[in-house]
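An overview of the molecular structure
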Amino acid sequence: MQEPFFLPSWPPSVENFFWYGALLLSAGIAGELVERWTRQPRMMGWVLAGILLGPHVTGAIDVSALAGMSSLIHLAMGVLLFELGQRVDLSWLRSNPKLLGTSALESGLAFALMFLVIQLFGKPPLVAAVAAAIGVSTSPAVVLAITQDQRAQGQVTERLLLLTALNSIYAYITVNILIAPLATEYRGDLVTILGHPAYLVFGSLAFAAIMARSTLEILRLLGRREETQFLAIIAMLIVAVWISIALRLSVPLALLGFGTMMRTFDRGRHFVWLNFGRLGRIFLILLFSSTAAYLDFTFVPAGIGIGLAIVVARFVGKTAGVFALARPSGLPYRKAWFLSLGLMPKSALAIILVNQTAMLYPEFRPLMATVMMSAILILEFAAAPIMQLALIYSKEAFEEGKN
Amino acid sequence: MPTVLEFKESEMFSMGVELELQLVNTRDHNLTAAAPDLLAIVKEKAHTGDIKPEITQSMIEVSTGIHKTHRSLLAELRSIRTLLVTEARVLNVGVSGGGAHPFQHWSERRISDRPRARHVSGLYGYLAKQFTVFGQHIHIGCAKGDDALFLLHSMARYMPQLIALSAGSPYYQGVDTAFDSSRLNSVFAFPLSGRAPFVLHWNEFEAYFERMRTAGIVESMKDFYWDVRPKPEYGTIEIRVCDTPLTVDRAATLTAYVQGLCRWLLSQGPRDVTEEIYLAYTYNRFQACRFGLEGEFVDVATGMRRTIAEDILATTETVRRALGNEAALYEVEEIVSNGNEARWMREQYAVNRSLPDLMWRQVLRFRGEEGKT
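Keep in mind it's a predicted model, so treat the numbers as computed, not measured. (Residues numbered from 1 in each chain as written. Chains lettered and ligands numbered in written order. Predicted model: local features only at pLDDT ≥ 70, side-chain atom pairs only at ≥ 80, totals over all residues.)

Here we look at the overall build of chain B
Helix and strand counts for chain B stand at 14 helices and 13 strands. Its C-alpha radius of gyration of 20 Å places chain B within 12% of the 21 Å reference for a compact globule of 373 residues. In chain B, buried positions account for 49% of the 373 residues. Contacts in chain B between residues at least 24 apart in sequence constitute 76% of all its contacts with a sequence separation of at least 6. (Helix = DSSP H or I, 4+ residues; strand = E, 2+ residues; numbered from the N terminus. Rg over C-alpha atoms; globule rule 2.2 N^0.38 Å. Buried ≥ 20, exposed ≤ 12 C-beta atoms within 10 Å, placed from the backbone. Contact = placed C-beta atoms within 7 Å.)

Some points on the overall build of chain A
Summing up its helical and strand segments, chain A has 17 helices and 0 strands in all. Its C-alpha atoms give chain A a radius of gyration of 21 Å, within 12% of the compact-globule value 22 Å for 403 residues. Counting only C-alpha atoms and orienting by the principal axes, one finds that chain A spans roughly 85 × 55 × 50 Å. Here chain A holds 403 residues, and the buried ones make up 52% of them. Of the contacts formed within chain A by residues at least 6 apart in sequence, a portion of 81% connects residues at least 24 apart.

Here we look at the pairing of strand β10 (residues 228-231) of chain B
Along β10(B), one buried face is formed by Val228(B) and Pro230(B) and the opposite face, lined by Arg229(B) and Lys231(B), is buried too. Where β10(B) hands over to strand β11 (residues 236-243) of chain B, the hairpin turn is made up of 4 residues, of which Gly235(B) adopts a positive phi near 70°. (Pairing = 2+ DSSP bridges.)

Overview of the pairing of strand β12 (residues 296-299) of chain B
Residue and element names in this part refer to chain B. Here β12 runs beside strand β13 (residues 304-307); their pairing, made up of 4 bridges, is antiparallel. Within β13, the position partnered with Glu296 by the bridge is Thr307. Taking the residues that link successive antiparallel strands as the turn, the β12-β13 hairpin has 4 residues, and the phi of Gly303 there is positive, at about 75°.

Examining unusual backbone geometry
Residue and element names in this part refer to chain B. Of note, the phi angle at Asn92 is positive, near 60°, even though the residue is not glycine. By secondary structure assignment, the location of Asn92 is in the loop between α2 (70-90) and β4 (93-96). On the neighbour-count criterion, Asn92 (23 C-beta atoms within 10 Å) is buried.

Notes on the nonpolar core
If you look at the biggest cluster of nonpolar residues, it comprises 132 residues, and the most contacted ones within it are Leu80(A), Met114(A), Ile118(A), Ala131(A), Ala132(A), Phe258(A) and Leu287(A). When residues no more than four places from it in sequence are discounted, the contact partners of Leu287(A) are Ile73(A), Ala76(A), Met77(A), Leu80(A), Ala141(A) and Leu349(A). Among the nonpolar cores identified, the runner-up in size contains 95 residues, and Ala33(B), Leu152(B), Val241(B) and Val273(B) belong to it. (Core = buried A, V, L, I, M, F, W, Y, C linked by C-beta atoms within 7 Å.)

Observations regarding helix α8 (residues 202-214) of chain B
The end-to-end C-alpha distance of α8(B) is 18 Å, a good match for the 18 Å that 13 residues give at a rise of 1.5 Å each. Immediately beyond the C-terminal end of α8(B), within one or two residues, lies Gly216(B), with a positive phi of roughly 80°. (Expected span 1.5 Å × (residues − 1).)

Things to note about the interface of chain A and chain B
Where interface size is quoted, it is often the accessible area lost as the parts come together. In this complex, chain A contributes 18 residues to the contact, which on the side of chain B involves 22 residues. For the side of chain A that touches chain B, the secondary structure elements donating two or more residues are α5 (91-95) and α9 (155-186) of chain A. Residues of the side of chain A that touches chain B, tallied by class, amount to 5 nonpolar, 7 polar and 6 charged. (Nonpolar A, V, L, I, M, F, W, Y, C, P; charged D, E, K, R; others polar.)

Examining the packing of helix α7 (residues 125-136) of chain A against α9(A)
Residue and element names in this part refer to chain A. α9 packs onto α7 with a crossing angle of 165° between their chain directions and a minimal axis gap of 8 Å. One element, α7, and the other, α9, form an angle in the roughly antiparallel class. Pair α7 / α9 crosses with left-handed handedness. Of the residues in α9, those in contact with Leu126, Ala129, Val130, Ala133, Ile134 and Val136 of α7 are Asn167, Tyr170, Ala171, Thr174, Val175, Leu178, Pro181, Leu182 and Glu185. Here the residues of the contact of α7 with α9 are counted per class, giving 12 nonpolar, 2 polar and 1 charged. (Axes fitted to C-alpha atoms, helices over the stretch in contact; angles between N-to-C directions. Parallel < 35°, antiparallel > 145°, perpendicular 65-115°, else oblique. Left-handed = near helix turned anticlockwise from the far one by under 90°.)

As for the confidence of the model for chain A
Residues shown with low pLDDT carry predicted positions that ought not to be read at fine detail. Mean pLDDT for chain A: 88, with 94% of residues reaching 70 or above. Across chain A, element-level confidence peaks in helix α6 (residues 98-120) of chain A with a mean pLDDT of 97 and bottoms out in helix α16 (residues 349-360) of chain A with 69. (pLDDT = per-residue confidence, 0-100.)

A look at the environment of Arg157(B)
Within the fold, Arg157(B) resides in the loop between α5 (145-154) and α6 (159-166). Between the C-alpha atom of Arg157(B) and that of Val133(B), which follows or precedes it by 24 residues, the distance is 24 Å.

What about the confidence of the model for chain B?
Residue and element names in this part refer to chain B. Put simply, chain B has an average pLDDT of 93, and 98% of its residues get 70 or more. Considering each helix and strand of chain B separately, the mean pLDDT is smallest for helix α4 (residues 126-130), with a value of 87, and largest for α6, with 98. For this predicted complex, the interface confidence reaches an ipTM of 0.89, while the overall pTM sits at 0.91.

Points about helix α13 (residues 277-292) of chain A
The first and last C-alpha atoms of α13(A) sit 22 Å apart over 16 residues, in line with the 22 Å expected at 1.5 Å per residue. Within α13(A), the full set of buried residues consists of Phe283(A), Leu284(A), Ile285(A), Leu286(A), Leu287(A), Phe288(A), Ser289(A), Ser290(A), Thr291(A) and Ala292(A).

Side note on the environment of Gly339(B)
Residue and element names in this part refer to chain B. Among the secondary structure elements, Gly339 is positioned in the loop between α12 (327-338) and α13 (341-352). Assessed through the 17 C-beta atoms surrounding it within 10 Å, Gly339 is described here as partly exposed. Sequence separation of Gly339 and Ser166 is 173 residues, and the distance between their C-alpha atoms is 9.9 Å.

Here it is in structure tokens:
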């Protein structure tokens, strides 16, 4: 008998939208379960759902489905980095310049130590440099998710957000610059070597500046009503993400720059502070769960030693940087500990950064993965709960019924 | 027999000020729980006066030492202001005056981590968080408890003036309340608010306090939330109706005005104070909170009615004739002609129709950087 034409073939073919829904729902449920049973950050559940559904475990969401979601991941990442950027008040660095010193020290020392340690494991200097540069950044996604979940307020929280935005900017810029020696090694023409990093860094920042100026102009005309501004910002974010993809700029650098410049250029305070609220939450969940699908445990056996070494080097570097200027910058040592622990998180978003670099030079990919995958996995699961505890013990988290 | 509530003698008409101040973030200018961090760094700097936590973590209270003159009080207030503003900038926190935050939501406030705050929160529940309002407390020194009680009750007649002159909480929880001072409505919710019992001799007051204490209603004078209360351990009366002004200069003006009033009341003012002074008290108080300087003042004894502004101008004239031309009197008259803080706030809000923007203008005004928007 002929199959009825009105029934779908099995398994039914579904478009990407289905996967967004499936991932969002399972990650949402997993997040609630983790919170309820273990009192750990919900984002651990989002990550677990992504890993379980991803191509490396059950394969429910396979590589092609993941590839189909990449535009959404870009948008989610854009919204997230913009949100972090607009929370950062660069004028604070002017009234407290020692914070800029703290930022330079924690990033610089962490970079130097990771760079040394990776070379001690016999990896080439270029791999060590790219990996260390990626390691400099604290996960913006984890920091935003947990500070929001905990409704944290205080110096640990504020400095965590500021330092995270800054070290992410350093990391994106450094990785882009390191493309120059990469090109020297794998391709070698002078235009690529000098032109590409310059285009990525200056192009992305110039684009961010143009977007910030024009958005502020639009907001000035629209007025300060929050709903109107929210709509305009979301629209401009979609535009910004797709233009920077089309122009082959660095999406993270452009969007983080966009957010930061919006706040910095806004002398007339036309930009009301936006809480991305539930929409931001949806983007965060999708970002965590979909990027987690990229986490690949097969690299762990070969990389666990170097992974642990990177984690330790990174912690030592960041902690030394935070403590060096803690007192002069107005932070008691007790809180400096919490800030250092808070700077630990790293998420699978870093993998995207690795993949983007690797995509240009495929030879580079397996090398980077062995070095970074274990470190990222360790931090993805260990650092977020530690950061949450740091906020609770520093008494900056809002505890229902207690304060 | 040792007295239960000894009134410590202090120099007559000496004065001191406490100001409750708001701590806001620089992002959306909402209140932020910055008090523990700010107090930790301020503690390490040499300063006069006292800087303390308050009921919730987005408030701090500063207090001055004891002063005889307007000039020295102003100098100390300015130096405390400069210290606070400098240290707050290190932490990226804004400090502001004003009787209430214009758009904070009380449920988001955090009770301070100290025994007194936890006690008040445990007893009063949500009222404690709603008590995130900001007042100026004026202390006037008295030699004897009887003088304190005489001044406390005589000053009742002038409470509407002080409320109207300082009123600076027109916006509350995101709306224009139509009041010039909405703050005092938050105080009213407490069962022990209102006014002190009408007694004029310190031993009678002690007896009253002792009865309340043995009945288990209060433990200390702190439990009374009266508009004016005696503070026997300082040897002062404490006037608590003023909203915290937007500048320390105005806080000094109001204090010096009260000092002048007390001096006049005790030297040349009416000597016979009767409970009749309270007949129209809550009516006049409401008029002052609601309408500010344009509110109506009724004197039940004489049947006189006039605006609070007119009443102030008549008072400054009388005091000036008795005590000479003091700067505070002139400055008070200036407030009457230029409007109070509530009027300034409504004008500033009108510029951009944004409460966060208004809040930032208040921060700049407190810093003395107005105009640098």
